Every structure is written in structure tokens, then in C-alpha cells.
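Close look at the chain arrangement
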Amino acid sequence: FNAPVGVGKDLELVINVDGQIVNSLYTYLPPTFTSITGDKSTNGGALLLSGTNFGVDKNKITVTIGGSAVTSLSVSQDHQQLSFNAPPGSGANKEVVVTVGGQSVTSTFSYDGPTITAVSGSTSTAGGFVTLAGTNFGRSTVGLSITVDGSTTDSFSITQNDVELKFRVSEGTGKNLPVTLTVNGQSTTSTYSYGAPTIATVSQSSTSGGSVTVQGSNFGKDAQKITVSISGVNCDGISIVSENTQFSFNAPVGVGKDLMLIVSVNGQNTTGLYTYLPPTVTSITGDKSTSGGVLLLSGTNFGTDKNKITVTIGGSAVTSLLVSQDHQQLSFNAPPGSGTNRMIIITVGGQVVTATFSYDGPTITAVSGSTSTAGGFVTITGTNFGRAAALVSITVNGNSASDYSITQDDTGIQFKVSEGTGKNLPVTLTVDGQSTTSTYSYGAPTIATVSQSSTSGGSVTVQGGNFGKDSQKILVTLDGVLCEGVSSISHSSFSFNSPEGVGKDLTLVINVNGQSVTGTFSYLPPSFLSLEGSPLSTSGGSLTIKGTNYGNDYTKIVVKVGGNSASGITVSNHNEMSFTAPEGVGKDLLVTYSIGGQSNSETILVSYSPPSVTSIEGDFSTGGGSIVLKGDNFGKDVGVISVKINGVDVQSLNVIQNHHQLSFIAPPGTGLNNPLAIQVQGQSISSVFAYSGPTVTSVSGSTSTAGGFVFLSGTNFGRLDSKLSVFIEGSTISELKVTQNDVEISFRISSGTGNNIPLTLYVDGQSTTSSYSYSSSTITSISKASTSGGTVYVEGTNFGSNSNSISVKLNEVACSGISIVYANTKFSFEAPAGVGKDIPLSVTVNGQTTLSSFSYLAPTITSVVGDYSTNGQALVLTGTNFGTDNNKITVSIDGNNVESVVVSTDHTGLSFNAPPGSGKNKPLIVTVEGQSVSTTFNYSAPIITSISGSRMTDGGIVTISGSNFGRAEALIGITVDGSTVSEVHITEIDSQITFRISSGTGGDRLLTLNVNGQIVTSTYSYGTPIIETVSQSATSGGTVNVHGSNFGKVPEKISVSINGVNCSGVAVVTENTQISFNAPVGVGKDLTLVINVDGQQVSGKYSYLPPTVTTITGDHSTSGGALILSGNNFGTDKDKITVTIGGQSVTSLLVSQDHVSLSFNSPPGSGKNKEVVVTIGGQSVSSTFSYSAPTITSISGSRSTDGGIVTISGSNFGRAEALIGITVDGSTVSEVHITEIDSQITFRISSGTGGDRLLTLNVNGQIVTSTYSYGTPIIETVSQSATSGGTVNVHGSNFGKVPEKISVSINGVNCSGVAVVTENTQISFN
């Protein structure tokens, strides 16, 4: 018979022959095993097991490898193949057991061995942690070992399953040391290099040599493996100071800076610069005479080779230079000279130190010769005067002398002193900037005559002798007061301005530059011209008398009026005095005065003024009140004063402020413009008096709209009904009368309505205003309306019967449709659309307002529809009385306010975004302006869209993506196959959760997610690999390690290409997770990397190591020169290389075949620290480059003192004029131009004189200095003078423009009166 498809053994077999049955057992052929192929990586990969008799039902099949079940098992329909994911593991010959329907077959299986793709981490020679990346490292350190250069490491751990581990490498040095990794008996190798040494700092030694300390890194701890050389000279005494970071060596004897220093540690080199300590100067001793002498200069670090030493003083080289063998002293002969602070420049092997040197200064032993104030020749004797008159200057009391000459070298000088005055005046002799002093005295003054001046002061002339001609040196005092305006007329006459004053025979003292003489002086007497200020106030007042010679001192003046003394005397400008006359009355009184004992002889008369009124103050009430009258000239005797109003005498008249104020009681009355008469001692004045107008303080009585009696209370109503009238707008007034004198009246008002109706009261032509109000309405009840508006009924009192007199406002919004329902007691209006309760409502009846409140109907809810997701989405709620104002509505779900509330225009719908949340039966509350309604709300149940994250069988972090997860981790529960997971976290609100799954295997595990009571299920499967990293090689090629997964363990099935070029040396470093191969020679980054494993292909990116720069040597001149740039990873194809300096491309670029050097010509430029950018195949490295500093070889061109064009020749000037700055003695020059690229510059120098001016040239931040000297003067023509002397004019050039800097002598006799006639080209002298 034909057996059906099936599997198993001892199955029940039933045979029925014509109704007769027999039972037996049946067994299918057992499974057989022929091969296992596929991904054999240690992280578990997809495998295909071939054989026979597997059946087609995977549920009847089990497969284990090394005792662990496989996952994702499936069976082919031809019964001959099984596919599954192997469990993670490592090692060879693991037992494979296949069981089909109870029948089993066994075989063996080997995981791929490890491969190393990259070695990274610490390269310190002190050791540290190193990371190996690759494949097939497994997941357990059991069976794992690592050796570096044959030494076993420790402290290793798996940092990333299968593909990464970390271990500690011990301290050491060297490169390309072998690394061997063994995983469960399977091994792979790679290499490890300790870091090359680096130099951070290098100490200095003296020029006699000594210990030098180098700080940096990766020096190791074995001094025997370190070598050091300076400029090719090997150094000894190498010693480790601090392991790995510091060592010392002995520098040889030498001088200089920036010498090449090479440090090599176990075959790895680094370079730096070494500089000996620069020279220092501590002292300069010896013969400092101006004739020059032997000097001894002490200091340090001079070396012992005088050929490497130069010394200059003031720019001139010394002679007979010698250097001591202890490096500490120089001896030489100074050049002849004079002056102070001459710059000494000592240069030792390119290192410069500066100091200053001063020649001995001059001394004066005697000053002799003429003492006449008219001047004359004076002789100075002393020492150190030098021999060059051009370097000598002399001042007497700060003024330059003239006609001086050296009469005897170093010891004698003669000069001409100018006219002057004074004694012990300082004489200063300056020789080339060094000065010494002595003294000189002129003769004393005498007095013959002195003129007079007015009391206001004025010019006074003094005749005498020895006054000199310098008014600044003449001091004059008059009775001890210093006088001004001193002006010299001649040696025998001068003038001064006397101070203001009075008197005669005053003491006069004249001091001429410290020498004094005494005499006398008298002022002119006073005189009278006019009197001002009459008539006077009866309280007294100010009078002014004008005349001449009154002086300016009031204490010397006495004034009387009518025989009584005046006070407050003041005087001004010597021609006017003012004073205060005593109080009184009358006219034609006599005024007398005296000044400094001299009295006036003229007759002067003055009179007092009549009275006047300025104001009337007090109680102007109609009943009569107290009044104060203010004015002037009332006197102080009430017996001579009378006051009347309307011809009636006032009462209680008093003088309350002498001359200025009267008080009295006015008689009763009303009205304005009542006659007021005042008389004082027969002198009268008229005015007017006004009673106060009426005021209303209260309105009382009937307020009924039917009318009635009204009372007005107030003031100043008077006492006569006939002078009263009242007007109230729209009402009739009758029966008006005074009910209480001055303060109350009454009248009858007609019926009406209204509030604050204007009321006007008139009393004898004077009026006042107030208002009158009828009673206001009251409200007892108000009906409600829907939020869309409608008719509202108001009940109460005093509404009247005219709807036009009624207005209604709801929250200050006017309402329409007002209609009287019942006169006075009920009316209706149309409420506008709105929401809320207790809204302010005002009812105004003819201007009178009554306040109440109004409420709209409360909201209701009929339904809630929309998106119920937990992240809060749009919902629509329908009902009634929601209004239309979004800002007056709040909606909350489970206590959280919703967002983006929008209300429909028909008051029946709300749309909003629900707040994030989860769960069901959550309270939903709608509040419309204080009125609320509630219902319940259910959030959507959770939905799972994907599960990602860890598939490792040892567990890990898993991510669930989907929706409606909410935001509260405490409300989330997750189980896998009934087991609760741990570390549940929300990583993206509502849409993503992570959790830690425990170790396990298999696919389609039941996953249950519970969010706040709402449940959803899905499945979870363990298992699948990825690609991670690719290491780099040098541009010369080398081993590349690739970390990832699913590389297998058979290198023959793996091919690798970079940019289409096949790579050799493919090896499996770690089964499944790491392979290595040999990269071809090349450059660049992000090149296409293709890895093909047994027909399966993956693409990635590959980058060669980027270039590095170590040194730049060659010609650094600004014109551009040949340079060699050393480093690594330059490749060999110059077409793939670009080099720029300061942004400009280099030329003539070549690359060495060993990938480590470039040669090229730099672009022309200047400056230092210019960025050098080397780009190779898209990868760049930068460094810095400095052009050579400028040098000056000569300075030529204009030397004219009026300035001109100057030329500087030299090298390394560059080509950019904008980068060049030049100063001479600190002042910036103009018109700087490059006339020959790199080697010649011109500029315009301003006018000036003198030699050795400091010139500073700055080329793009690099500075060099030199000196510039203006030309010496040239004489072309000289005019002649008479033998008696006179002005001489000299034409020529280079005279400058400052006469103080010019001296002239004829046959050794100094000339005076030197002046510049025309700047630079013409001078004159006497």
C-alpha cells in the first residue's frame, strides 16, 4: 500500500480485510544528516541542514547544538532540509541532535573562529586599556586569552557580545608588536604599537652645558632605549626623571636658539627645538670717559667663541673684544662719545641682550663775567665739557644763552647772557644730554616817581632803575595787596594797575625777581553826581547815590537821611553806592555822607511815598466777615487811617503789619463792585469790594417723580427773596423764598424723572450750580436666556412707562428690543449671545442706573466623538449652551485641562485636543464661564506596530513601537510567555517603550502589553546580526580589520574590494564578527568598500589614514622658495594632493614614493604662523609656517630737514603695502610703497632734524629696527652786516624750523638773535 506523508515510529497500523481487522505497528524511516551550511558566526546565524526524512511538520521536529535549542525552525516541503538560527556560542565539534517524531540523528558543528579588525585604546607607554574589535569573540571570557609580544595580558572583558573586548596592556615601548587572541581554542593575530614619544617642554642649560629636562609622553622607563641629539651632536647622561613623561640629559657646550633636537625611544622618533639660555648683563665697569676707554662687561651665557659675539654701543662697534673662558665676561674698548643711556647690544649665537651705557657728565666750578641787566659775556669753567660745541647747550633761568663756544677742550665755555633780572638764577650746562648747574645774579631796582589812579584802580607809572624788561618778573604790592597789569616800558620805567581802594600815602613795595624797593602811593578823592530811589516807602527803602571815587569798601562809608543813620550800605564800581533809609513819612529830607573821612558838600533831598493797595483777603460772606487789606505805605499808626465800604465805616480797624497790612470787619451785603475808600494821614486811595457768591452744599426734600418741596442749603444766599432765582432744566420752579438768612432757601418742583439734572441759583447777579435727581428704579427678578441670546424679563419698580427712557447693558454691552410689559414694574429686552453667570447688568431709566446680575443657561453634553489616542488628539463634544468664545470655556479630562478649545458658532459643539493620558471612565468636565457639566471619557487601547532592539538570547533592551502607550510608566505592565519583564521605560511618549527581556530562545513568544487596564498582545523573537566598524591603514597599504557580524569563518568564501580593486589576504579574525584583509596602496576617504560572503554582498565606506605634518624645512623667504614638508600618509599620486599656505596654492608640487614627504615652492607672502593646509584625497591636515623676518641692508633717499622720499633696501619685505608699517622715533610715516618686490620700500618722512633717529619696520607683524639721520645743514649764501654788527641772512638747506636747535658763531664768537626766516632754507642772526 502507499503510506501517507508522515513521521514517527510505533504508529498504530490497522488492516481490514473484508470486515476482519488486525492491528500492528508502523515506523517511518528515521532522519539522516548529510551537511550543515550557512552563517556559523558565534552570535548565532541562519543555518541550512540537509538530509532525508525530516517530514514537513516543524512542530514534530527539534534541533539542538551543544545542548541548546535552535530558533526560527522551518522545514522544506521535500522533507530534505531544515533551516534555523543557531544559538550563540563558540568552539568546534559541537554536537548537533535532530529529532523527528521521536527518531533522532546526530552530527557535529563548529562555530567560526575569531578575527581582529581593529586595535584601539590606550597607546601610552605606561600601559592602559586596549579595545579589540572584530568578529566571533563569543560572549564569555571563559576559554579566552590574549598575549601582546608573547606576554599574557590580564583584566580583559567582553564589552560587546561577539565583536568587541577590552584588556589591560602592561607598560612598554615599541611598535608593531604581535597580539594573539584565542577564543575557546581558536586563535587569530594582529599587531599593537605603543605611542611614539611627544615633546611638550624642554628646559634650557647655560652655554657651558648642563642638565636639560624634557617633558612629554611615551618616553617609557628604560633610559637605555632613549637617544638624544642636538644639531647632530649626540648627548649623554640620559636619565628617567618620571616614568613615561619626563627624562633628562646633558647638553654639550654651545650657544644659539632653535637648534634641532631629536629624541628616539626604542626606534620611534620625535623632533623639537632646543635653545641655550640667552646672554644676560649684570654690570659694566671701567673707564667711562668721553674719550673712550677699556670696559669690562659681566653677565652669563657669553660662550667662549668671540667669533659668535658682536657688541655695539650707540650703533658703533667696540674694538679689542675678548671673552672669558667661564662664559661670564667680555672686555673691549668703547668708542669715543658722550651722553647717557647709549644702547649696548650684545649678540651671542643669534640671541640678543641689551643694556645701557652712560659717559661721564659735565661739572661747573665757576661762573664769572658781566652782571648788567642789559646782558653781557659770561665764562664757565669746569670739567667734561667735551669738544663739540654742537652738543653743548646753556640756559640761564631756563632761557637759552647765545654766542657760546668752547674756549678750552673739556674745561672752558664762554656765552652771552641776555638781558634780565633776578639773583641766584640757575645756570644749566648740558653736554649731549647730561647736565650740571650753577647760579648767576642781576642788579637790584630803584624808585624815583609814582603817578596816581582812581579808587577803582588804574594804570600807575613808576620811574626808577633796574626794572628789567620782563614784566612777569616784577611784583608790586599796595598796602600789602598784590597789584596786576605790570608792564615793562624800559629798564628804568614800568607801569602797573593799582587795585581798587581809597586813601593816600599808602605803602608801595616793588619786587623785581626777588629784589625789592619801598615807596608811597595816593588815590584820587570822591565827588557827587546824582541820587536815585526817591520817593521812599514809609517802611524805608533803598537809595542809590552816583558819583566818582567812592571806593569799593562800604565799611569806610557813613550815610544819614534826615539826621537818621542809613543801614545796609553797599558800593559798586567806585561810582555808585546804595543804602537803606530808615522808616518814616514826609518829603524833602536832607541826605549826607562821608567816605574815608571826606564828606560831601552838595545838598541832596529825598521824600516818602503815599499809600497803595495790592490785595484784599479774608471772609467775604454776605453776613459780613473779617477782612485783611494788603498794600504799602500804610504807616503804623491806626489813628491816622480810615476805611469805608459803600460809604459805611468798617469795624475793628487795626494795623496788623506795619506799613503793609490792615484788618477790619466788613458790614453785611451782597454783590460785586462795592466802593472801598482808604485814607492815611490825608492821602487817599479808592478800590472796590466784592461779597462772596452763593454756594449750594446740599439739596433735600422731595425726590418723587410727582414733584414737591425742595430745600437748598449752602452759604451766601443773602436775606432778600427779591434777589433770588432758581432754574432746573425741564422743570417748573415756584414759591421761592429765604427760609434761613444766608444759608437756606426753599421752592416747589414739578413732576419728572432723571438724575443729576442741572440746577442754577442766582443771588444778586452771582450764581452757583448743583444738581437734582428723581428716585432711581429697583430690580426684584430677572429671567434667563440661552447662550445664543433671547428675550429676558425684568421685574421691579420705577421703570416708568416710556421704553425710550430705559437702556440696558449686559457686562457694559447695550441690549436691544426694550419693551414695557407693565408700566413702572416690568419690562423685557433681547439678551445678546453670551455665556456665564452673575454677569453685571445695569438698567438706566433717564440717566439713573440700577445694578444687578444676569445668568445664561448652563451647558449640557450629549456626545463626545473623535481621536481617543493617549497622546491627546482632536475631539468633538456636542451639547447646548457652550457659547462662542473659546477663552471662556475650560475642558478637563481626569483633572487635566485640554488644549486648543474651539467652540462652534451655533453654541452646540466644542472641538479640542485631549490631554495625554490612558485608561477608561475618566471624568470629563466642561466649564463655561463658571457653569459646569460632566460626563466620562475612555482613551484608546494600546496598539503595537513593531518590536525592535535586542534579539540576543542572553536578554537585553527591547523597544516596542506603536500608539496609545500613555506617559506613566507605573501604569504599564509587560509579560513575555507569562513572565513579567523588568526595567520598563517610556522612551517616546505614547509611541515607544523599552524593557529588559530575560535570557531565552525561540520565536513568536507571546508578548502582552497592559496600559492602565487596557491590553494588547503581539509576539517576540530572539535572534539577528549587523555590521559595525572598519579600521584604517596607511596610504602605503596594510592590514584592515572589519568588525560586524555574519562574516562566517571560511575566508575562501569572502571577497573584499575597495573602489572596485580586489583586496588580498582576506582572513577570519573572529568567527562571524571580525575579518581582516590587506588594503592596496591608495588615498582618500569614504571609498566604496564591498564585502561578499558566499554570494551575499554588503557595502560600506573605507578611509585611509589622513595625512600628518611633522616638519617644514627649506627657504622661508617672502619671495617664495623651495620647501620640504615631512609627515605621513601623503600617498604617491601628486594629482590627488593640494597644498596651500595662507590660503594660496603652492607650485612645483612633488611627492616621495615612501609616502612621507612633499616638496614644493611656497607662494610669495609675509608674516608668521600662516596656516598650511595639506589635502590628500579629500583628507586635510593643517600646520603653521612663518616667512623669514625682514632685514634692512641700507637706507637712502631724502635727508632734507623738510622731509621727502626715503628708500629702504633689504630682504623679506613682501609684496603687500597694506601689511607694512614704518615709524621714525615713534611717528608713523606716510606714502609707503614697495618699489622692488621683497627688497625695496619707499616712504615719505616728515620734516625734522637730527641723527640716529630710531626707524622701525613692521612687515605683517615681524619687526626690524635701524636708524635714520636728517642731512647736515648746507650754506649757499651769507649776507653781510656793518662792522657795528646787525642782522645777517643765511641761505642754504637743512636748517629745520626750530630756532632753539640752531647756534651760529663767527671766528668762535657766538651770535645772538638766531631766527628761522624760511623753514629749512633760510635763517638770520645778529
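Notes on the structure in this doc start here. (Residues numbered from 1 in each chain as written. Predicted model: local features only at pLDDT ≥ 70, side-chain atom pairs only at ≥ 80, totals over all residues. Heavy atoms only, no water.)

1. What to know about the overall build of the chain
For the chain, the helix and strand inventory stands at zero helices and 127 strands. For the chain, the spread of C-alpha atoms along the principal axes amounts to about 185 × 135 × 50 Å. Relative to its 1326 residues, the chain shows a buried fraction of 42%. Counting only contacts in the chain whose residues sit at least 6 apart along the sequence, the fraction spanning at least 24 positions is 53%. When the accessible surface of the chain is split by element, carbon and sulfur atoms take 48% of a total near 61,600 Å². Within the chain, the 85 negative side-chain charges are centred at a point lying 1 Å from the centre of the 58 positive side-chain charges. (Helix = DSSP H or I, 4+ residues; strand = E, 2+ residues; numbered from the N terminus. Buried < 20%, exposed > 50% of the residue type's maximum accessible area, 1.4 Å probe, protein only. Contact = heavy atoms within 4.5 Å. Areas by Shrake-Rupley, 256 points an atom, 1.4 Å probe, with all protein chains shown as cover. Lys, Arg positive; Asp, Glu negative; His and termini not counted. Charge placed at Lys NZ, Arg CZ, Asp CG, Glu CD.)

2. Observations concerning the sheet that holds strand β70 (residues 733–740)
Strand order across the open sheet formed by four strands is β67-β68-β71-β70, with antiparallel pairing between neighbours. With partners counted over all chains shown, the strands left at the sheet margins are β67 (695–701) and β70, one partner each. Taken pair by pair, the neighbouring strands of this sheet meet at an average axis angle of 25 degrees, ignoring direction. In terms of strand pairing, β70 meets strand β71 (residues 744–749) through five bridges, oriented antiparallel. Looking across to β71, one finds that I733 is bridged to I749. (Pairing = 2+ DSSP bridges. Axes fitted to C-alpha atoms, helices over the stretch in contact; angles between N-to-C directions.)

3. Considering the layout of surface pockets
When its volume is computed, the second largest pocket comes out at roughly 1,500 Å³. Secondary structure elements with two or more residues in the lining of the second largest pocket: β37 (392–396), β39 (402–408), β122 (1274–1278) and β127 (1322–1325). Top element by residues in the lining of the second largest pocket is β37. It accounts for four residues. Split into classes, the residues belonging to the lining of the second largest pocket amount to 21 nonpolar, 21 polar and seven charged. (1 Å grid on protein atoms, 1.4 Å probe; cavity = no way out; pocket = protein on both sides within 12 Å on 5 of 7 lines; lining within 4 Å. Points joined across faces, edges and corners; volume = space filled by probe spheres on them. Nonpolar A, V, L, I, M, F, W, Y, C, P; charged D, E, K, R; others polar.)

4. Focus: the pattern of salt bridges
Under the counting rule described, the total for this entry stands at 19 salt bridges. Put simply, D894 and K922 hold a salt bridge, and the shortest N to O gap is 3.9 Å. Of the two residues, D894 sits in the loop between β84 (889–893) and β85 (896–897) while K922 sits in strand β88 (residues 922–928), which places them 28 residues apart along the sequence. Using a relative accessible area of 15% as the deciding quantity, one classes K922 as buried. It is possible to trace a salt-bridge network through shared partners that takes in E532, K546 and E576. (Salt bridge = Lys/Arg side-chain N within 4 Å of Asp/Glu carboxyl O.)

5. Details of the side chain of N716
Within the secondary structure, N716 sits in the loop between β68 (708–715) and β69 (724–728). Taking the relative accessible area as the measure of exposure, N716 reaches 9% and is therefore buried. A polar atom in the side chain of N716 sits 3.0 Å from the backbone nitrogen of T622. (Polar contact = N/O pair within 3.5 Å; in protein donor to acceptor, adjacent residues only side chain to side chain.)

6. Description of the environment of S50
Following the sequence through the fold, S50 ends up in strand β4 (residues 46–52). Placed 375 residues apart in sequence, S50 and L425 show a C-alpha to C-alpha distance of 128 Å. If sequence neighbours within four positions are ignored, S50 has contacts with T32, F33, T34, S35, Q80 and Q81.

7. Topic: the sheet that holds strand β7 (residues 71–75)
Ordered by their spatial adjacency, four strands build an open sheet running β3-β4-β8-β7, and the pairing between neighbours is antiparallel. Each edge of the sheet is formed by a strand with only one pairing partner; in this case those strands are β3 (32–38) and β7. Geometrically, the sheet is characterised by an average inter-axis angle of 20 degrees between neighbouring strands, direction not taken into account. Strand direction decides the pairing type here: β4 and strand β8 (residues 81–85), joined by five bridges, are antiparallel. Residue pairing across strands places L49 opposite L82, the latter belonging to β8.

8. So, the environment of T791
With respect to the element layout, T791 can be found in strand β75 (residues 790–797). Since its relative accessible area comes to 34%, T791 is described here as partly exposed. Counting along the chain gives 721 residues from T791 to V70, while the straight-line C-alpha distance between them is 82 Å. If we skip the residues at most four places from it in the chain, T791 touches S783, K784, S828, F829 and E830. Only 2.5 Å separates the side chain of T791 from the side chain of E830, close enough to count as a polar contact.

9. Let's talk about the packing of aromatic side chains
Going through the model one piece at a time under the given rule, you end up with 21 aromatic pairs. Centre to centre, the rings of F219 and F247 are 4.9 Å apart; their planes meet at 90 degrees, and the pair counts as edge-to-face. Residue F219 is located in the loop between β20 (210–217) and β21 (226–230), and its partner F247 is located in strand β24 (residues 246–251); the two are separated by 28 residues in the primary sequence. Between Y1102 and Y1104, the ring centres sit 5.1 Å apart and the planes meet at 80 degrees, which makes this aromatic pair edge-to-face. We note that Y1102, like Y1104, is buried. Among the aromatic residues, those joined into a ring-pair cluster are F219, F247 and F249. Between the NZ or CZ atom of K166 and the centre of the ring of F129, over which it lies, the distance is 5.7 Å. (Phe/Tyr/Trp six-rings, centres within 6.5 Å; stacked < 30°, edge-to-face > 60°. Lys NZ or Arg CZ within 6 Å of the ring centre and 35° of its normal.)

10. With respect to the nonpolar core
Membership of the largest hydrophobic core comes to 21 residues, with the highest contact counts inside it found for V311, L330, F332 and I346. Sorting the residues of this core by element identifies β28 (294–300), β29 (309–313), β31 (319–323), β32 (329–333), β33 (342–348) and β34 (351–357) as the ones contributing at least two each. Dropping the residues within four chain positions of it, V311 is found in contact with S316, A317, V318, L321, L330, F332, I344, I345 and I346. (Core = buried A, V, L, I, M, F, W, Y, C linked by side-chain atoms within 4.5 Å.)

11. Some details on the pairing of strand β112 (residues 1170–1176)
Judged from the five bridges that link them, strand β108 (residues 1137–1141) and β112 form a sheet pairing that is antiparallel. Across the sheet, the residue bridging to I1141 is V1172, located in β112. The pairing of β112 with strand β113 (residues 1179–1185) spans seven bridges and is classified as antiparallel. If you follow E1171 over to β113, its bridge partner there is T1184.

12. Some words on unusual backbone geometry
In this structure, P535 follows S534 across a cis peptide bond, with omega equal to 5 degrees. Tracing the sequence through the fold places P535 in the loop between β50 (527–532) and β51 (541–548). At D432, a position not held by glycine, the phi torsion is positive, near 50 degrees. If you trace the backbone, D432 turns up in the loop between β41 (425–431) and β42 (434–440). On the basis of relative accessible area, D432 is assigned to the buried category, the value being 18%. Positive phi, close to 70 degrees, is recorded for H1155, a residue that is not glycine. Taking relative accessible area as the criterion, H1155 reaches 8% and is therefore assigned buried.

13. Focus: the pairing of β68
Relative to β68, β67 is paired through six bridges, and the arrangement is antiparallel. Within β68, the residue paired with G701 across the bridge is V710. As judged from the six bridges shared by β68 and β71, these two strands associate in the antiparallel manner. If you follow L712 over to β71, its bridge partner there is I745.

14. Concerning a nonpolar patch on the surface
The grouping of M343, I345 and V352 at the surface amounts to a nonpolar patch, some 240 Å² of accessible area in total. With respect to the helices and strands, the residue M343 is situated in strand β33. M343 sits in the partly exposed class, given a relative accessible area of 40%. (Patch = residues over 30% accessible without salt bridge, like charges linked within 9 Å, V, L, I, M, F, W, Y side chains within 5 Å.)

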